[in-house]
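Close look at the chain arrangement
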Amino acid sequence: MQSIQTEDLVRLDQLLEELSQETEAQCELLREHLESARTYLVGSMPTEYALSLKMAGEASNCVSDRNLRTRIENFIRSQSNRAM
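Residues numbered from 1 in each chain as written. Predicted model: local features only at pLDDT ≥ 70, side-chain atom pairs only at ≥ 80, totals over all residues. Heavy atoms only, no water.

**A word on the overall build of the protein**
Along the protein, the regular secondary structure elements total 4 helices and 0 strands. Going from N to C terminus, the protein has its helices and strands arranged as α-α-α-α. Looking at the protein as a whole, 35% of its 84 residues are labelled buried. Expressed as a percentage of contacts within the protein between residues at least 6 apart in sequence, the contacts between residues at least 24 apart total 59%. Of the roughly 5300 Å² of accessible surface on the protein, a fraction of 52% belongs to carbon and sulfur atoms. (Helix = DSSP H or I, 4+ residues; strand = E, 2+ residues; numbered from the N terminus. Buried < 20%, exposed > 50% of the residue type's maximum accessible area, 1.4 Å probe, protein only. Contact = heavy atoms within 4.5 Å. Areas by Shrake-Rupley, 256 points an atom, 1.4 Å probe, with all protein chains shown as cover.)

**Let's talk about the packing of helix α2 (residues 28-42) against helix α3 (residues 46-59)**
Packing of α2 against α3 brings their axes to within 8 Å, and their N-to-C directions diverge by 160°. Taken together, the axes of α2 and α3 are roughly antiparallel relative to one another. Taken as a pair, α2 and α3 cross one another with a handedness that is left-handed. Residues L29, L30, H33, L34, S36, A37, Y40 and L41 of α2 lie in contact with α3, whose contacting residues are E48, Y49, S52, L53, M55, A56 and A59. Across the contact of α2 with α3, the residue classes break down as 11 nonpolar, 3 polar and 1 charged. (Axes fitted to C-alpha atoms, helices over the stretch in contact; angles between N-to-C directions. Parallel < 35°, antiparallel > 145°, perpendicular 65-115°, else oblique. Left-handed = near helix turned anticlockwise from the far one by under 90°. Nonpolar A, V, L, I, M, F, W, Y, C, P; charged D, E, K, R; others polar.)

**Focus: unusual backbone geometry**
For S44, which is not a glycine, the phi torsion comes out positive at approximately 55°. With respect to the helices, strands and loops of the structure, S44 is situated in the loop between α2 and α3.

**Examining the state of the cysteines**
By the definition in use, this model includes 1 disulfide. Across a sulfur-sulfur distance of 2.3 Å, C27 and C62 are joined as a disulfide pair. Measuring handedness by torsion sign, the sulfur bridge of C27 and C62 sits at about 120° and is right-handed. Taken as a pair, C27 in the loop between α1 (2-20) and α2 and C62 in the loop between α3 and α4 (66-83) lie far apart in primary sequence, 35 residues in all. The pair formed by C27 and C62 is uniform in burial state, with each residue classed as buried. (Disulfide = S-S within 2.5 Å.)

**What to know about the pattern of salt bridges**
Applying the stated rule across the entire model yields 4 salt bridges. Between R38 and D13 there is a salt bridge; the shortest N-O distance is 2.4 Å. Residue R38 is located in helix α2, and its partner D13 is located in helix α1; the two are separated by 25 residues in the primary sequence. The class for R38 is partly exposed, based on a relative accessible area of 29%. Between E18 and R71 there is a salt bridge, with the nearest N and O atoms lying 2.4 Å from each other. You can see E18 sitting in helix α1 and its partner R71 sitting in helix α4, a full 53 residues away along the chain. (Salt bridge = Lys/Arg side-chain N within 4 Å of Asp/Glu carboxyl O.)

Right under this line is the structure:
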């Protein structure tokens with residue numbers, strides 16, 4: 001479980017790093033949701049983590065880089081599938 005959480009944290013950090021390179025102001029909400037999700041993942045708060053990821057998924061359409069948006073959406077989907 002710990003190694004899975006560490007892998008998820010690394011993936012989330014990579015996505016946040018790439019997202020921070022976006023210049024679109026409308027992606028600020030997506031960044032906030034992903035940063036919150038990161039906090040909840042580290043704090044072992046699964047319900048809050050899932051909610052933040054859900055809200056991030058709803059805000060992901062702001063990303064103009066199709067590859068990055070797809071990777072963000074795939075990450076969110078993989079986390080949602082794991083929680084079920």
